[in-house]
Amino acid sequence: MFKNREDIIFRFKLLIISFFTLWAILILAKATITMTKERDHWMEKKDKYIKYNIPVKPQRGNILSDNGELLASSLPRYTLHIDFRYTDKLNPKKEKQIQALKDSIWEADIKELCKGLNSIFPDWSASRFEQHLRKGKREGKRYYKLYPKRISYIQYKEMKKLPILNQKSYISGARWESSIQREKPFGSLAKHTLGTLWAENDSAYRGLELKYDSILRGKKGVQHRQRVGEGYLNIIDVPAENGADIQTTLNVEIQDICETALKNELMKLGAESGRVILMEVKTGDIKAIVNLKYAGTDSYEEMENFMYEVSSPGSIFKTIALAAAFEDKLITPEDSVPHHNKRHIFYGKSPITDTGHYSNGTSKLSVVEVMEQSSNIGMGEIGLEALKRFSS
C-alpha cells in the first residue's frame, strides 16, 4: 500500500518537473527566436513607441535695464485650432456616438463660448466669433484656427475656463500649440541696440542679442519620448541649461527722454537722421543710445543702428580731444591760438577748411571760441600747441 503511494507521489513530482521543464524550454526557444529571427521586427516596433535624442530648448536669458527692468524677454505664446470631427476607425459605433455628443454640446454652448471669447478679445464681437465657428463646424474642418493672433499665457488660462473649451479634447476639439516669442515690453525703445531674435531659425541679429548670444542662449538638453497608453511621456536624459540674464547700463526713463528730445529736434530742423549717446561721466556707463531716421509722413523711427555706419566722425572728436588736453593740463580755457580765417595748410598740400566766417576783430581765437564756432583750423592749432607743450 505504502509502496503504491510512494509510486504515485514520485510520478506526480516527475510530471510537475517535466511540465515546468517543458515550459522553460519553450520560453528559452521563444526568447532565442525573438533575439535572432524576430529581432529586426521588434526593434522596428520599439522605434515606433520610443523616439530618442529629441532636443530640449533652454529658456533664453532676459536683457535688463540698469535697475532691473525687462528690456527683452522670452514669453510663451499660444494658438488654438479646433477639430470639429471625431474619428475612431476601429470602432465606428463609438465614433458616431461621440460625434453626436460633441455636436449637441457645441450647439448648446456656442453662444456662451462666443460671449466669453469676446470678453477676452474685444476686437472681435461675439457674433463674429459665432459666425466664424459655425462656418468651420459646417464644413467639418479638422484644423480650424479659432483666433488669428497668438495669445498670451493669461489669455490661454482664461480661454480654458470657457464653455466647450473646458471639456475633454475629444469633445472640444481644442488643439493648443505653444511657441516662445521674444518680447520687448517698452516697444521700439532702443530696439536696434537690443537687437532682434528671429524665431523661425532661432538666430540673433545685431545688437546685444547677437553680441551676447552665447550667454543668453544657454545649452540644449536631450530627452526621449515614450508611448504610454494613448499618449506620450517625455523623459529628460540631459536637462537643458537656461541662458543667463544680462544687465545693461541703459536707463529706460533717460532713454525715453533722449528719444523724445531728439525726435522733436529732428522734426524742427527737418533733418534726415540723428543720434544720441548719453554717458554718465563719473562711471562711463552708457545710459541711452538713440538712432532715429526719417520714416516719411513727418515721423521718425528707430529703423537701424547708425553706430554701424562707416563715416567721418565729425566734430564729436573735438570735444574728446579738448577734454584729454584739459585733463593732462596741456591747454587751459584761457589759452588762444592763431586765427587763419577759412583755409590753412598744416602739413603737405591738403588744406583744412572752416565752413563759417570766424572773426572777433583779432588774429587769434580763444579755446572757448574754437569750441563755440566748431573751428577745424582752431582745433588743429590746439592740437599742435598741446603736442609742443607735451614734448617740452
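Before reading on, note that the structure itself is shown above.
Predicted model, so just to flag it, every value in this text is computed and none were measured. (Residues numbered from 1 in each chain as written. Predicted model: local features only at pLDDT ≥ 70, side-chain atom pairs only at ≥ 80, totals over all residues. Heavy atoms only, no water.)

### Re the pattern of salt bridges
For the record, the criterion: For this analysis, a salt bridge means a side-chain nitrogen from Lys or Arg found within 4 Å of a carboxyl oxygen belonging to Asp or Glu. Elements are defined by DSSP. Helices are runs of H or I of four residues or more, strands are runs of E of two residues or more, and each kind is numbered from the N terminus. The buried label goes to any residue with under 20% of its type's maximum accessible area, the exposed label to any with over 50%, and the partly exposed label to all in between, with areas taken from a 1.4 Å probe on protein chains only.
With the rule as written, the count across this model stands at 20 salt bridges. Lys 115 is paired through a salt bridge with Glu 112; the nearest N and O atoms lie 3.8 Å apart. Here Glu 112 and Lys 115 lie together in helix H3 (residues 92–120), a separation of 3 residues that amounts to about one turn. Residue Glu 112 is classed as partly exposed on the basis of its relative accessible area of 44%.

### Some details on the pairing of strand S11 (residues 273–279)
Basically, it comes down to this: Strands qualify as paired when DSSP identifies two bridges or more between them.
The pairing of S11 with strand S12 (residues 286–294) spans 7 bridges and is classified as antiparallel. Residue Gly 274 lies in a different strand from S12, and its bridge partner there is Leu 292. Count of turn residues in the S11/S12 antiparallel hairpin: 6 residues, of which Gly 284 carries a positive phi of about 80°.

### Focus: empty space enclosed by the protein
Empty space left among the atoms is revealed by rolling a probe the size of a water molecule over them. Short version of the rule: Put simply, the grid is 1 Å and covers the protein atoms alone, a cavity is a trapped set of points that fit a 1.4 Å probe, a pocket is an open set with protein on both sides within 12 Å along at least five of seven lines, and lining residues have an atom within 4 Å of a point. Grid points are joined across faces, edges and corners, and a volume is the space filled by probe spheres set on the points.
Tallied over the full model, the rule gives 1 cavity of 30 Å³ or more. One number sums up the size of the largest cavity: a volume of about 40 Å³.

### Notes on the environment of Cys 258
Heads up, the condition is: We call two residues contacting when some pair of their heavy atoms lies within 4.5 Å.
Tracing the backbone shows Cys 258 in helix H10 (residues 252–269). According to the relative accessible area criterion, Cys 258 is buried, its value standing at 11%. In sequence terms Cys 258 and Val 290 are 32 residues apart; their C-alpha atoms lie 7.0 Å from each other. The residues contacting Cys 258, other than those within four sequence positions of it, are Val 276, Leu 278, Ala 288 and Val 290.

### Concerning the side chain of Asp 88
The following threshold applies: Charge counting treats Lys and Arg as positive and Asp and Glu as negative, with His and both chain ends excluded.
When you line up the elements, Asp 88 lands in the loop between strand S3 (70–82) and H3. Look at Asp 88: it is buried, it has no salt bridge, and the nearest opposite charge is Lys 94 at 4.1 Å. Apart from residues no more than four positions distant in its own chain, Asp 88 is found in contact with Lys 94 and Glu 95.

### Concerning the environment of Arg 150
Our working rule: As used in this structure description, the phrase polar contact means that two N or O atoms lie within 3.5 Å; if the pair is within protein, one of them must be able to donate a hydrogen and the other to accept it, and residues adjacent in sequence are counted only when both atoms belong to side chains.
In this structure, Arg 150 sits in the loop between strand S4 (144–145) and helix H5 (153–159). By relative accessible area, which is 47% here, Arg 150 ends up partly exposed. With 28 residues separating them along the chain, Arg 150 and Ser 178 place their C-alpha atoms 9.1 Å apart. Not counting chain neighbours up to four residues away, the residues in contact with Arg 150 comprise Arg 77, Tyr 78, Thr 79, Ser 179 and Gln 181. At 3.1 Å, the side chain of Arg 150 and the side chain of Gln 181 are in polar contact.

### Remarks on the packing of aromatic side chains
Remark: the centre distance and the inter-plane angle together describe each pair of aromatic rings, the angle taken between the planes. To be explicit about the condition: Working definition: rings of Phe, Tyr and Trp (its six-membered ring) pair if their centres are within 6.5 Å, and the pair is stacked with planes under 30 degrees apart, edge-to-face with planes over 60 apart, and tilted otherwise.
What the rule picks out here adds up to 15 aromatic pairs. When the centroid spacing of 4.1 Å and the interplanar angle of 20° are considered together, the rings of Phe 121 and Tyr 147 count as stacked. Highlighted residues: Phe 121 in the loop between H3 and helix H4 (126–138) and Tyr 147 in the loop between S4 and H5, separated in sequence by 26 residues. Given the relative accessible area of 3%, Phe 121 is considered buried. Aromatic rings pair up to connect Tyr 78, Tyr 153, Tyr 156 and Trp 176 into one cluster.

### A few points about the packing of H3 against H4
Test applied: Lines fitted to the C-alpha atoms define the axes, with helices restricted to the stretch that makes contact. Angles between their N-to-C directions range from 0 to 180 degrees. Handedness of a crossing is defined here by the sense of rotation of the near helix relative to the far one, left-handed for an anticlockwise turn of less than a right angle and right-handed for a clockwise turn. When residues are grouped by polarity, Ala, Val, Leu, Ile, Met, Phe, Trp, Tyr, Cys and Pro land in nonpolar, Asp, Glu, Lys and Arg in charged, and all others, Gly among them, in polar.
Viewed as axis vectors pointing N to C, H3 and H4 meet at an angle of 145°, and their least axial separation amounts to 8 Å. In the packing of H3 onto H4, the handedness of the crossing is right-handed. Every residue of H4 that contacts H3 at Asp 103, Trp 106, Glu 107, Ile 110, Lys 111, Leu 113, Cys 114, Lys 115, Leu 117 and Asn 118 is listed here: Ala 126, Phe 129, Glu 130, Leu 133, Arg 134 and Lys 137. Of the residues belonging to the contact of H3 with H4, the class tally is 8 nonpolar, 1 polar and 7 charged.

### Description of the side chain of Gln 255
Mapped onto the fold, Gln 255 is located in helix H10. On the basis of relative accessibility, which here comes to 2%, the residue Gln 255 falls in the buried class.

### With respect to the packing of helix H11 (residues 316–327) against helix H13 (residues 376–391)
The line we're drawing: Oblique is the label for any angle not covered by the other classes, which are roughly parallel (under 35 degrees), roughly antiparallel (over 145) and roughly perpendicular (65 to 115).
Axis separation between H11 and H13 bottoms out at 11 Å; the angle between their running directions is 25°. Between H11 and H13, the crossing angle belongs to the class labelled roughly parallel. Crossing hand, H11 versus H13: left-handed. Residues Lys 318, Ala 321 and Leu 322 of H11 form the contact with H13, whose own contacting residues are Asn 376, Met 379 and Ile 382. Tallied by class, residues from the contact of H11 with H13 come to 4 nonpolar, 1 polar and 1 charged.

### Here we look at H4
We apply this condition: Residue count minus one, scaled by 1.5 Å, sets the expected span of a helix. By arc we mean the arc of the directions from the helix axis to the C-beta atoms, nothing more.
When the terminal C-alpha atoms of H4 are compared, their 18 Å separation across 13 residues agrees well with the 18 Å that a helix rising 1.5 Å per residue should span. Among all positions of H4, only Phe 129, Glu 130, His 132, Leu 133 and Gly 136 are buried. Taken end-on, H4 shows its buried residues confined to a sector of 165°, consistent with a single buried face. Turned more than 90 degrees from where H4 packs its buried face, Ser 127, Gln 131 and Arg 138 sit exposed. Turning to H4, the residues buried within the fold contact H3 and S4.

### Re the environment of Trp 124
Checked against the element boundaries, Trp 124 lands in the loop between H3 and H4. Using a relative accessible area of 10% as the deciding quantity, one classes Trp 124 as buried. In sequence terms Trp 124 and Tyr 147 are 23 residues apart; their C-alpha atoms lie 9.1 Å from each other. Not counting residues up to four positions away in its chain, the partners in contact with Trp 124 are Asn 118, Phe 129, His 132, Leu 146, Tyr 147 and Pro 148.

These values are about where atoms sit, not about what they do.
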